[in-house]
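One letter stands for each residue in the lines below.
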Amino acid sequence: MNAPIDLNLLRAFAAVHAAGSFSAAAATLGVPRSTVSRAVAALEERLKQPLFQRTTRKVTTTPVGVSLFERVAPQLDSLTGALFDLPQQTDAPSGTLRVTATVDLGIMVLTEVIARYLRRYPGTQVEVDLTARVVDMVREGFDLALRVSPKRQKSS
């Protein structure tokens, strides 16, 4: 039994154990009863062990099933929690924007532009390096470099 087991099989098994019936587990999981039944049967076949004693009126977890539940339930809860704790992706930018510009451009233009940007995207920060030197954007980790060059005369 070296191949991985589908976590959905374990989820179905844990739901039946916790709910005490296939129908209640199906309702909890929001799937048809037949899906839960097939999942548990597939898991039992894979493990070559019965996990439940079934009668027409009652479902009882076998000792092997109880042992399995005690071992997998904490991990299933942990995985579910980890998935729900992931940060939500949004279209709004977040993080730090690193900008370099000349001193004059920074003072005359960027101050207001950055203030508007921060009001519009409160989940961001802006780091500004005002310098006349030529920067290596990749090596120094800048996202944006602004420089002004003299206006060229059109030749007629």
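Worth saying up front: this structure is predicted, and the values here are computed from it rather than measured.

K.L.:
Explain a nonpolar patch on the surface to me, please; I cannot follow it from the model alone.
P.N.:
A contiguous nonpolar patch, built from Val103, Ile107, Met108, Val109, Val113, Val128 and Leu130 and spanning about 600 Å² of accessible area, is present on the exposed surface. For the nonpolar patch, the elements supplying multiple residues, two or more each, are helix H5 (103-120) and strand S4 (124-130). Top element by residues in the nonpolar patch is H5. It accounts for five residues. Tracing the backbone through its elements, the reader meets Met108 in helix H5.

K.L.:
I tried to follow the sheet that holds S4 on my own but got confused; where do I start?
P.N.:
Sheet strands line up and pair through hydrogen bonds in the backbone, either parallel or antiparallel. Strand order in the open sheet formed by three strands is S4-S3-S5, with parallel pairing between adjacent strands. Two strands lie at the open edges of the sheet, namely S4 and strand S5 (144-146), each paired on one side alone. Within this sheet the neighbouring strands show an average axis-to-axis angle of 20°, counted without direction. Bridge count for strand S3 (residues 95-101) against S4 is seven bridges, and the pairing is parallel. In the strand pairing of S4, Thr96 is matched with Gln125. Along the sheet, H5 contacts S3, S4 and S5; its crossing angle with S4, the most-contacted strand, is approximately 180°.

K.L.:
Explain the pattern of salt bridges to me, please; I cannot follow it from the model alone.
P.N.:
Between side chains of opposite charge, a pair can form as their charged atoms come close. In total, this model carries six salt bridges according to the counting rule given. With a shortest N-O distance of 2.9 Å, Glu127 and Arg98 are connected by a salt bridge. Pair noted here: Glu127 is in strand S4 and Arg98 is in strand S3, with a separation of 29 residues, a long-range link. You can call Glu127 partly exposed: its relative accessible area is 41%. With relative accessibility at 25%, the residue Arg98 sits in the partly exposed group. With a shortest N-O distance of 3.9 Å, Arg133 and Asp129 are connected by a salt bridge. What emerges from the salt-bridge pattern is a single network uniting Asp129, Arg133 and Glu140.

K.L.:
Looking at this model, I keep getting lost on the pairing of S3. Mind explaining?
P.N.:
Each regular strand displays side chains that alternate between the two surfaces of the sheet. After leaving S3, the chain enters H5 and then returns to the sheet as S4, a path that is right-handed. In this sheet, S5 lies alongside S3 in parallel orientation, the contact comprising three bridges. Each bridged residue has a counterpart across the sheet, and for Ala101 the counterpart in S5 is Leu146.

K.L.:
Please explain the packing of helix H1 (residues 7-19) against helix H4 (residues 63-84) as it appears in this structure.
P.N.:
If you want to describe how two helices pack, look at the angle between their axes and the distance between the axes. H4 packs onto H1 with a crossing angle of 115° between their chain directions and a minimal axis gap of 10 Å. For the pair H1 and H4, the crossing hand works out as left-handed. Here H1 contributes Leu7, Leu10, Arg11, Phe13, Ala14 and His17 to the contact with H4, which in turn contributes Gly65, Val66, Leu68, Phe69, Val72, Leu76 and Leu79. For the contact of H1 with H4, the residue count by class is ten nonpolar, two polar and one charged.

Reading guide: rules and limits
Residues numbered from 1 in each chain as written. Predicted model: local features only at pLDDT ≥ 70, side-chain atom pairs only at ≥ 80, totals over all residues. Heavy atoms only, no water. Patch = residues over 30% accessible without salt bridge, like charges linked within 9 Å, V, L, I, M, F, W, Y side chains within 5 Å. Areas by Shrake-Rupley, 256 points an atom, 1.4 Å probe, with all protein chains shown as cover. Salt bridge = Lys/Arg side-chain N within 4 Å of Asp/Glu carboxyl O. Helix = DSSP H or I, 4+ residues; strand = E, 2+ residues; numbered from the N terminus. Pairing = 2+ DSSP bridges. Axes fitted to C-alpha atoms, helices over the stretch in contact; angles between N-to-C directions. Contact = heavy atoms within 4.5 Å. Buried < 20%, exposed > 50% of the residue type's maximum accessible area, 1.4 Å probe, protein only. Right-handed = clockwise from strand over helix to strand, strands pointing away. Left-handed = near helix turned anticlockwise from the far one by under 90°. Nonpolar A, V, L, I, M, F, W, Y, C, P; charged D, E, K, R; others polar.

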